Amino acid sequence: MAKLIYSNDVFLDPNITFESSSPPILFPSGNNLGSLPTLYGKDGHFVTIVNYFFFDLKAVKRLKDFNSYSRALLKFWTYIEDSELHWDHFPPIKRLKPTYLFRSHLLTEVNENRLKQSTANMYINHVKQFYLWAIHEGYLHIKNENEAPFKIEQIKIKAKGSLAHIRPTITVDSSDLRIQIARSSQTNSVRSMSPLTGEDIILLAQHFPKLSEEFRLQCLLAIQCGLRIQEVSSLSIKALNAAYQLSESKFRYLIPIGPSTGVETKFSKERFIEISIELLTALRDYSISERRLKRLHKLNIKSLSISNNKLILTKNKLDIFKRCDLFEPLFISEQGNPVDKKVIGSRWTDLRKTIRLNHPKFHYKFHDLRATYGTYRLNDILDAGLQPSEALELLMGWLGHNHESTTWKYLKYLKRKEVFKEKFALLDSIMHEALGGYNE
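All chains use their own residue numbering, which begins from 1 and follows the written sequence. Given that this is a predicted model, residues contribute local features only at a pLDDT of at least 70 and side-chain atom pairs are listed and counted only at 80 or more, while totals for whole chains, interfaces and linings are drawn from all residues. Note that water and hydrogens are dropped before the side-chain values are worked out from all heavy atoms of the structure.

This brings us to the overall build of the protein. A helix here means a DSSP run of H or I that spans at least four residues, while a strand means a run of E at least two residues long, and both kinds are numbered starting from the N terminus. Helix and strand counts for the protein stand at 16 helices and 11 strands. Burial status follows relative accessibility: with a 1.4 Å probe on protein chains alone, a residue under 20% of its type maximum counts as buried, one over 50% as exposed, and anything between as partly exposed. A burial count over the protein gives 43% of its 440 residues as buried. If you take every contact in the protein between residues at least 6 apart in sequence, the share linking residues at least 24 apart comes to 63%. Computed by Shrake-Rupley with a 1.4 Å probe, the accessible areas treat only the displayed protein chains as cover when residues are assessed. Surface summary for the protein: the accessible area is close to 24,500 Å², and the carbon and sulfur share equals 53%. Two residues qualify as a contact provided that any one of their heavy atoms is within 4.5 Å of a heavy atom in the partner residue.

So, on to the environment of Leu 4. Note that Leu 4 resides in strand E1 (residues 3-6). Beyond its immediate sequence surroundings of up to four residues, Leu 4 is in contact with Pro 37, Thr 38, Leu 39, Phe 54, Ser 70 and Leu 74.

This next bit is on the sheet that holds strand E11 (residues 271-276). Being paired, for any two strands, means DSSP has found at least two bridges between them. Read across the open sheet, the 3 strands follow the order E9-E10-E11; overall the sheet is antiparallel. Each edge of the open sheet is held by one strand with a lone partner, namely strand E9 (244-245) and E11. Where E9 meets strand E10 (residues 252-257), 2 bridges bridge the pair, whose relative direction is antiparallel. Each bridged residue has a counterpart across the sheet, and for Gln 245 the counterpart in E10 is Tyr 253. To get an axis, fit a line to the C-alpha atoms, keeping to the stretch in contact for a helix; angles then go from 0 to 180 degrees between the N-to-C directions. Contacts from helix H6 (residues 213-225) reach E10 and E11, with the element oriented near 105 degrees to E11. With respect to the sheet, helix H9 (residues 277-287) is in contact with E10 and E11, its orientation differing from that of E11 by roughly 95 degrees.

Our next topic: the packing of aromatic side chains. Note on aromatic contacts: the rings of Phe and Tyr and the six-membered ring of Trp form a pair at centre separations within 6.5 Å, being stacked when their planes are under 30 degrees apart, edge-to-face when over 60 apart, and tilted otherwise. Going through the model one piece at a time under the given rule, you end up with 21 aromatic pairs. Between Phe 130 and Trp 133 the ring centres are 6.3 Å apart and the planes differ by 25 degrees, which places this aromatic pair in the stacked class. On the criterion of helical spacing, the pair formed by Phe 130 and Trp 133 is a turn pair, its members being 3 residues apart in helix H4 (residues 117-136).

Residue pairs spaced three or four apart in an α-helix point in one direction, given the helix's 3.6 residues per turn. Between its terminal C-alpha atoms helix H12 (residues 341-356) stretches 22 Å, which fits the 22 Å expected from 16 residues at 1.5 Å a residue. In this fold, the buried residues of H12 make contact with helix H5 (198-207), H6, helix H7 (229-233) and helix H13 (367-383). Here a polar contact is taken to be a pair of N or O atoms separated by no more than 3.5 Å, where protein atoms must pair a possible hydrogen donor with a possible acceptor and residues adjacent in sequence count only if both atoms sit in side chains. Its side-chain oxygen placed 2.7 Å from the backbone nitrogen of Lys 342, Asp 340 serves as the N-cap of H12. Helix span, as expected, comes to 1.5 Å for every residue beyond the first.

What follows deals with the side chain of Glu 214. Mapping Glu 214 onto the fold places it in helix H6. A polar contact is formed between the side chain of Glu 214 and the side chain of Arg 291, at a distance of 2.7 Å.

Compared with the 22 Å implied by 1.5 Å per residue over 16 residues, the 22 Å span of helix H2 (residues 67-82) between its first and last C-alpha is a close match. For H2, the set of buried residues is Ser 68, Tyr 69, Ser 70, Ala 72, Leu 73, Phe 76, Trp 77, Thr 78, Tyr 79, Ile 80 and Glu 81. Where H2 is buried, its residues meet E1, strand E6 (37-40), helix H1 (48-59), helix H3 (98-111) and H4. Positive phi appears at Glu 84, one or two residues downstream of H2, with a value of about 55 degrees.

Another point: the packing of H2 against H3. H3 packs onto H2 with a crossing angle of 105 degrees between their chain directions and a minimal axis gap of 10 Å. Comparing the axis directions of H2 and H3 gives the class roughly perpendicular. Here Lys 75, Phe 76, Tyr 79 and Ile 80 of H2 lie close against H3, whose contacting residues are Pro 98, Leu 101, Phe 102, His 105, Leu 106 and Glu 109. In this scheme, roughly parallel covers angles under 35 degrees and roughly antiparallel covers those over 145, while 65 to 115 is roughly perpendicular and the rest are oblique.

All right, on to the confidence of the model for the protein then. Of all residues in the protein, 88% attain a pLDDT of 70 or more, and the chain-wide mean is 86. The low-confidence segment residues 182-191, where pLDDT is below 50, has 12 contacts with residues more than four positions distant or belonging to other chains. pLDDT measures how confident the predictor is about each residue, on a scale from 0 to 100.

Turning our attention to unusual backbone geometry. Among all residues save glycine, negative phi is the norm, and among peptide bonds the norm is trans. Positioned with a positive phi, Arg 62 is a non-glycine residue whose angle comes to about 60 degrees. Structurally, the position occupied by Arg 62 is in the loop between H1 and H2. Positive phi is not limited to glycine here, since Asn 309 has a value of about 60 degrees. Assignment of secondary structure puts Asn 309 in the loop between helix H10 (290-307) and helix H11 (315-326).

Glancing now at a nonpolar patch on the surface. Only residues whose relative accessible area exceeds 30% and that take part in no salt bridge are eligible for patches, with like-charged residues grouped when within 9 Å of each other and nonpolar side chains (Val, Leu, Ile, Met, Phe, Trp, Tyr) grouped when within 5 Å. Between Lys or Arg on one side and Asp or Glu on the other, a salt bridge is scored when a side-chain nitrogen of the former is within 4 Å of a carboxyl oxygen of the latter. Together, Ile 16, Phe 18 and Leu 26 make up an exposed nonpolar region whose accessible area comes to about 360 Å². Note on placement: Leu 26 falls in strand E4 (residues 22-27). Exposure remark for Leu 26: the relative accessible area of 54% places this residue in the exposed category.

A side chain of one charge can pair with a side chain of the opposite charge when the charged atoms of the two come close. One pass over the structure, following the stated rule, counts 15 salt bridges. A salt bridge links Arg 228 to Glu 231, with the nearest nitrogen and oxygen atoms 3.0 Å apart. The class of Arg 228 is buried, set by a relative accessible area of 14%. A salt bridge links Arg 377 to Asp 380, with the nearest nitrogen and oxygen atoms 3.4 Å apart. Placement of both Arg 377 and Asp 380 in helix H13 is noted, with a separation of 3 residues, approximately one turn of the helix.

Shown next as structure tokens:
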């Protein structure tokens, strides 16, 4: 089976010295690209063409994170090796080409619920981009249409937004590899929506006293404010200090998050999140607690060692510490490191396993806490009398969605779940009781 191995820092212009009596010595110099994924085939060989592509993404395209590309090419290469296919051989018959065979493989996984449609489309799109790059760079020569890995198509998409009446459709380039699954006419299912039920929220809150103070607050930020896991892990003191009270309510505040406050939002988008006064107070109390200040002291010592070149880090970790110098993080590990989203994910996995020992149907992911906030909050706003369009506009801003269609999922979910009568006030009251329990 093919596998990925991640390198240490990669430099664009290394210097090599040769001496007759010793092996060549490599000196790093030039632009540091950071860590790079390297693909190896199932027999351990270096997959040159794919690794050239990864290098191009990092050095030329300047992509900061191409984890999805590496996962897509790993899956594609594993499939063609297992199927004894060649990446650059395209029979004239469409269904025998490796690209279309891989598409069929992904389609099967989607239909068997082993893969989400959005993930399958992402994989096939990255494979398409890989082939377009290979053709452009001259690694793959196409003489005629029959030898092409896929067919480029132009499709029209119905425009959404404030200017849709001026330009109702948008034409974009696509390919005939794209994966489309017809939604069930009975369920109109939206696979990504899985908010916690009222019973499961209570169940989660009952386990809070056993969790670390940091992880409790991280869960509360996701379920009461709708933060993504990366936003939770990178929440800064500057963002907390910038919170201001809503004019309509003395119990709710808005916090600006994004590059201006050092919070890593999706697409680096600036936005405001709403927060209750109880949770904001709890976060501020934690920020000046002796427990956190000890961790901050360790972080400052590490930052000083890095600036004095006494502590050498990879580029990725060095960039994280540089951001900490500008924006002090709220959450710091016991070792004095900025908390990583993977650590939060691991803690959630451990918590879910513990809950499932007695409640095997507790299947939720950490991201479902965000869906819980969105669903309960929308239901509450609609009950308050706002029109659906106004309610969705509010929620879209708080959640930081780029597209209205993403926010519409919450309304569609509520319409399907007629028995969904849970209020945001219920979620708030359960979490506020949990917060009160921390301070006893």
